[in-house]
Amino acid sequence: MTVATGYTLTFAGADPAAVDRLGGKGAGLARMTQQGLRVPPGYVVSTDACRRYLATASLPDGLAGELFEQLAALEASTGKTFGGGPVPLLLSVRSGAPVSMPGMMDTILNLGLGRAAAVALAEVTGDTRFMADVVARFHTMYGETVFGALGGVVDVGALTAAVTAGDDPGQTYDRVWSACQRALLDDTGDQVPADPREQLLGAVEAVFRSWNTRRARTYREFHGIPHDVGTAVVVQSMVFGNLSADSGSGVVFTRDPATGEPGLFGEYLAHSQGEDVVAGTRTPDRVVDALAPQLLAELRSTCAELERRQGDVLDIEFTVERSVLYFLQVRAAKRTPEAAVRIAADFLAEGVHPPAEVLAKVSAAQVRLVQRPGFDAAELDAARAGDRLLTTGIGACPGQVSGRLVLDPDRAKAAADAGAEVILARRITSPADLHGMIAARGIVTATGGATSHAAVVARALGTACVVGASALEVAGDSVVVGGRALAEGDLVSLDGATGELFAGAFATATPAAATDALSALVSAAGAAAGCAVFGRVTRPSDVDSALAAGATGLVSAVDDVLAATGAVVGDLVVDHAAVAELVAERFAPVLAAAGDVEVGVRAIDLLAEELVAHRPSLSVPLGLPGLIEAQLAGLAAAASGTGARVHLAVRHVSDPAEAEALRAVRTAPRPGAGAYLTSPRGVVNAAGIARASDALWLDLGALQAAVFGLPASHLLASEPLDGYLRRGLLSVDPRVAIDPSVDGLLERVAGAAAEAPGCAVGVRLTGEVSAAVAGRLYGLGLRRFAVDAPEIRPLIVTLGQAAG
């Protein structure tokens, strides 16, 4: 049977590439169906329908008719009957946005039950208890999703405990259905429709509505996902993991999403439905231990082939019904930063996928998180040997963090907003906890496994997380662990890799971030980008770490180096001999450590606020030519015998005449002399300045600040710009995006590089560098960049992605 569709598409007929219409879940099911995998049949309600619903607050005209036409086609293809027997067709109705939002929107399983269908289900399976379980589960999910019922209103266990497989189906249905309806009516004032078709319409509308729940909007805002995309709805024939002992449900990853280790990783719960696995209410078994050998072999081979075809690590949901394996979902796996780096490095080594494709799977934010500080090793060993180790659960997302124990997501957010470091402890987490999870530095749950809601969301957030800490008893405003009581507000620490929870806080130490995997990733990105990346250094000890991070050059500043060694720069600006001597003395060890790499040194900034206060009459870039000469002389002496290639660059140059004067001050070919551009006028004159310079740096942050009329320091802080943007008073955030008025100026800087081939032209970037900014600069042809030391690796990876 064929269906003329406007809003709906079958798995078999949809284009898997149309993710924007099908959503990620629908696209994955279409792809697996068309590849011949065992996928329960179904269809997708497109995101077009959702957007129409959100605009009008009602289901689009014609959608109901399409849903029922597709339903008739599904009945014909499966040989089952929706709402009746002899073999009833039950449905799962699930959300599926174009961008993965795990656990944020709604799902309803076992839809299509009325008396006739329920009795037929008991008869065809020979198990009245199974039918009763399905009826109670359906009421629970429908009530929570469609009516907003509180969790636990329908007590599935209590309703089915006394039912046996051989009980009378009709009597059992009447008793269980009536009890569920009463519970929902008391809690919400609503009852589940007896007509399965009305159930379907209510479920589709509820999934559309869930797009704008608080938790979904919070998740999108945190991850920068637009609010106008909408979700698709997947309507699929049910298979039952809770049918028998040789049935069950599971979630697997094609590689470990916490560590990146190759090999099938996941969990399986016998005699369960998929919600039991991901909800975290039960702790499942390892899939490699729990699944029958022949099913495990089929799962391994299918997962390996899917990963090879899709070129990414995958998250795959499956159900086993009476020893037959069915695939219910495939999507790119959420992974920890550490796992993302290792997986990319392994993919590069395996050589199956193009480097550009591999690099695109790792974000600069993930690289930054891999570099984050960890616990002091000696203190950690002492804590394990002493009495500070409280319990050990399952490490779900690596990271070592300390903070105040908080047991409620609202209080966690309030405490974090007030500046506290928070560890959120829960028995289990649900989507309603998302705001607290985002606010927390670490998360720990008493139940659940590595594929539970807490674990999946923590990996998406990059937040350290421990799950399945079964010794943890969470009650009220306190926690008991092995007889030891902890109150809310107590300091605790957790290790998201080992699963350990400790009492008290730890000192932190910066880890050796240049692991083999990260080094391989940065090396591949650097080769793809072909850029020179300079790292900012102040002390000799900074040099090795900057070069180890992948820097091909270094930048420093005279005033920074002198201030770091105790000199008061404001007192020195008129004592040129002292400046020359100090520069020679303090830069000698820095340049000796640098060896033969290029080093750009920023001259003392006479326009800096502290110097303007000391010497207001000298507040122009070349107000003291003798001071420039002294710095050049000091750098020449410091570089003598080191092999370092040094240039001195003066900040705030805006006219070619200044550059000519700077070149005239220089008495020897080395060190070279150049300029930092910080103003629109300087950029307009970039080509003329470059022709008279050995090196030219654009300070992008200073330029953006000048264009916006803001202090440059505002671009390095959250406030006041965050508040200003929330009020809608700026159309562009200058910290993460290039303003259109600046974009044209950047073209002039790129043009200067072409017009003055003897001058090395680069861009100085401060703070965290956004991928959009780096990509635009790379697209303009700029290939020299200077960043703060922690940004060396993230920038190289971002540039490698831009090159792809």
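Residues numbered from 1 in each chain as written. Predicted model: local features only at pLDDT ≥ 70, side-chain atom pairs only at ≥ 80, totals over all residues. Heavy atoms only, no water.

Right, let's get into the overall build of the protein. Helix and strand counts for the protein come out as 33 helices and 33 strands. Taking 804 residues into account, the globule formula puts the C-alpha radius of gyration at 28 Å, and the protein, at 31 Å, falls close to it. For the protein, the proportion of its 804 residues judged to be buried stands at 54%. Taking the intrachain contacts of the protein between residues at least 6 apart in sequence as the baseline, contacts between residues at least 24 apart amount to 68%. Looking at charge distribution, the protein has the averaged site of its 64 positive side-chain charges lying 2 Å from that of its 88 negative ones. (Helix = DSSP H or I, 4+ residues; strand = E, 2+ residues; numbered from the N terminus. Rg over C-alpha atoms; globule rule 2.2 N^0.38 Å. Buried < 20%, exposed > 50% of the residue type's maximum accessible area, 1.4 Å probe, protein only. Contact = heavy atoms within 4.5 Å. Lys, Arg positive; Asp, Glu negative; His and termini not counted. Charge placed at Lys NZ, Arg CZ, Asp CG, Glu CD.)

Inspection of the entire model under this criterion finds 11 aromatic pairs. Between the aromatic rings of phenylalanine 130 and phenylalanine 240, the centroid separation amounts to 5.3 Å while the plane-to-plane angle is 85°, which identifies the pairing as edge-to-face. Of this pair, phenylalanine 130 sits in helix α5 (residues 128–147) while phenylalanine 240 sits in the loop between β7 (232–237) and β8 (248–255), and the two are 110 residues apart along the sequence. Exposure remark for phenylalanine 240: the relative accessible area of 8% places this residue in the buried category. (Phe/Tyr/Trp six-rings, centres within 6.5 Å; stacked < 30°, edge-to-face > 60°.)

Strand order in this open sheet of three strands is β20-β21-β22, and the pairing throughout is antiparallel. Edge strands, defined here as strands with exactly one partner in the open sheet, are β20 (472–475) and β22 (484–487). Put simply, the sheet's adjacent strands are angled 20° from each other on average, direction ignored. When strand β21 (residues 478–481) meets β22, the two strands line up antiparallel, connected through four bridges. Note on β22: the bridge partner recorded for valine 481 is arginine 484. (Pairing = 2+ DSSP bridges. Axes fitted to C-alpha atoms, helices over the stretch in contact; angles between N-to-C directions.)

As a further point, take helix α33 (residues 792–803). The end-to-end C-alpha distance of α33, which contains 12 residues, comes to 17 Å, matching closely the 16 Å that a straight helix rising 1.5 Å per residue would cover. Extensive coverage of α33 is indicated by the burial of nine of its 12 residues. Considered for burial, the residues of α33 that qualify are Ile792, Arg793, Pro794, Leu795, Ile796, Val797, Thr798, Leu799 and Gly800. (Expected span 1.5 Å × (residues − 1).)

With that settled, consider the sheet that holds strand β11 (residues 314–321). If you trace the five strands from one edge of the open sheet to the other, you get β10-β9-β8-β11-β12, paired in antiparallel fashion. Of all the strands in the sheet, just β10 (285–286) and β12 (324–332) have a single pairing partner and so form its edges. Of the strands in this sheet, β8, β9 (262–270), β11 and β12 are in contact with helix α12 (residues 293–310), which crosses β11 at around 150°. Contacts from helix α13 (residues 337–350) reach β8 and β9 within the one sheet, and its direction differs from that of β8 by about 65°.

When a protein is soluble and globular, its nonpolar side chains tend to lie buried together. Of all hydrophobic cores here, the largest spans 105 residues; its most connected members are Leu696, Leu700, Leu765, Leu777, Phe785 and Leu799. Counting residues per element, this core draws most heavily on helix α23 (residues 576–594), at nine residues. Non-local contacts of leucine 765, meaning those with residues more than four positions away in its chain, are made with Leu700, Val773, Leu777, Phe785, Ala786, Val787 and Asp788. (Core = buried A, V, L, I, M, F, W, Y, C linked by side-chain atoms within 4.5 Å.)

Moving on: the packing of helix α32 (residues 771–779) against α33. Pairs of packed helices are described in terms of their axes, by the angle between the two and the distance that separates them. The N-to-C vectors of α32 and α33 enclose an angle of 55°; their axes lie 9 Å apart at closest approach. By the angle class used here, α32 and α33 are oblique. Our pair here, α32 against α33, has a crossing hand that is right-handed. Across the interface between the two elements, Ala771, Ala774, Gly775 and Tyr778 of α32 pack against Leu795, Thr798, Leu799, Ala802 and Ala803 of α33. Here the contact of α32 with α33 is composed, by residue class, of seven nonpolar, two polar and no charged. (Parallel < 35°, antiparallel > 145°, perpendicular 65-115°, else oblique. Left-handed = near helix turned anticlockwise from the far one by under 90°. Nonpolar A, V, L, I, M, F, W, Y, C, P; charged D, E, K, R; others polar.)

Structurally, the position occupied by proline 169 is in helix α7 (residues 169–188). Classification of proline 169 as buried rests on a relative accessible area of 18%. Considering only alpha carbons, one finds proline 169 and glycine 374, 205 residues apart in sequence, at a separation of 59 Å.

Let us look at unusual backbone geometry. Excluding glycine, a negative phi dihedral is what most residues carry, and trans is how most peptide bonds are arranged. Here the residue pair glycine 85 and proline 86 is connected by a cis peptide bond, since its omega of 10° sits within 30 degrees of zero. As for its position among the elements, proline 86 is in the loop between β3 (81–82) and β4 (88–89).

Let us now look at the pattern of salt bridges. Side-chain pairs of opposite charge can arise where the charged atoms are in close proximity. Going through the model one piece at a time under the given rule, you end up with 41 salt bridges. For arginine 115, the salt bridge identified is with aspartate 174, shortest N-O distance 2.9 Å. With a gap of 59 residues between them, arginine 115 in helix α4 (residues 115–125) and aspartate 174 in helix α7 connect regions that are remote in the sequence. Taking the relative accessible area as the measure of exposure, aspartate 174 reaches 33% and is therefore partly exposed. (Salt bridge = Lys/Arg side-chain N within 4 Å of Asp/Glu carboxyl O.)

Glancing now at the pairing of β9. Note that β8 and β9 share seven bridges and pair antiparallel. Residue glycine 248 lies in a different strand from β9, and its bridge partner there is alanine 270. Joining the antiparallel neighbours β8 and β9 is a turn of six residues, in which glycine 260 adopts a positive phi near 85°.

Let's shift gears to the environment of glycine 482. Its location among the elements puts glycine 482 in the loop between β21 and β22. Between the alpha carbons of glycine 482 and isoleucine 796 there is a distance of 47 Å; along the sequence they are 314 residues apart.

Since the α-helix advances by 3.6 residues per turn, residues separated by three or four positions end up pointing in the same direction. Within helix α9 (residues 214–223), the full set of buried residues consists of Ala216, Thr218, Tyr219 and Arg220. Buried-residue contacts for α9 involve α8 (196–210), α18 (434–439) and α19 (453–461). One or two residues past the end of α9 sits glycine 224, with phi positive at roughly 70°.

With that settled, consider the environment of valine 573. Residue placement: valine 573 occurs in the loop between α22 (558–564) and α23. Exposure remark for valine 573: the relative accessible area of 2% places this residue in the buried category. Counting along the chain gives 291 residues from valine 573 to arginine 282, while the straight-line C-alpha distance between them is 70 Å.

Okay, the packing of α4 against α5 next. Closest axis-to-axis distance for the α4/α5 pair is 8 Å, and the angle between their directions is 140°. In terms of their interaxial angle, α4 and α5 are classed as oblique. Here the hand of the crossing between α4 and α5 comes out right-handed. Contacts between α4 and α5 involve Ala118, Leu121, Ala122 and Thr125 from the former and Thr128, Phe130, Met131, Val134 and Val135 from the latter. Partitioned by chemical class, the residues of the contact of α4 with α5 number seven nonpolar, two polar and no charged.

With that settled, the discussion passes to the state of the cysteines. Scanning the entire structure with this criterion turns up zero disulfides. Free cysteine: cysteine 465, not disulfide-bonded; nearest cysteine sulfur from cysteine 397 at 7.0 Å. For cysteine 531, which is in no disulfide, the shortest distance to another cysteine sulfur is to cysteine 759 and amounts to 17 Å. (Disulfide = S-S within 2.5 Å.)

As a further point, take the pairing of strand β28 (residues 598–602). Of all the five residues making up β28, five are buried; the element is thus mostly covered by neighbouring parts of the structure. Residues Glu598, Gly600 and Arg602 line one face of β28 and the alternating positions Val599 and Val601 line the opposite face, and both faces are buried. Summarising the sheet, β28 and strand β29 (residues 645–651) pair through five bridges and their orientation is parallel. Paired with valine 599 across the bridge in β29 is valine 646.

The residue glutamine 199 is located in helix α8 in this model. Looking at glutamine 199, the relative accessible area reads 0%, which means it is buried. In contact with glutamine 199, not counting residues within four places along its chain, are Leu111, Gly112, Leu113, Phe138, Tyr142, Trp177, Val192, Pro193 and Ala194.

Looking now at the side chain of aspartate 408. By the element assignment, aspartate 408 lies in the loop between β16 (400–406) and α17 (409–417). Although buried, aspartate 408 forms no salt bridge, and the nearest oppositely charged side chain, arginine 411, lies 4.2 Å from it. From its side chain, aspartate 408 meets the backbone nitrogen of aspartate 410 in a polar contact 2.9 Å long. When near neighbours in sequence (up to four residues on either side) are disregarded, aspartate 408 contacts Leu424, Arg426 and Glu488. (Polar contact = N/O pair within 3.5 Å; in protein donor to acceptor, adjacent residues only side chain to side chain.)

By themselves these figures say nothing about function.
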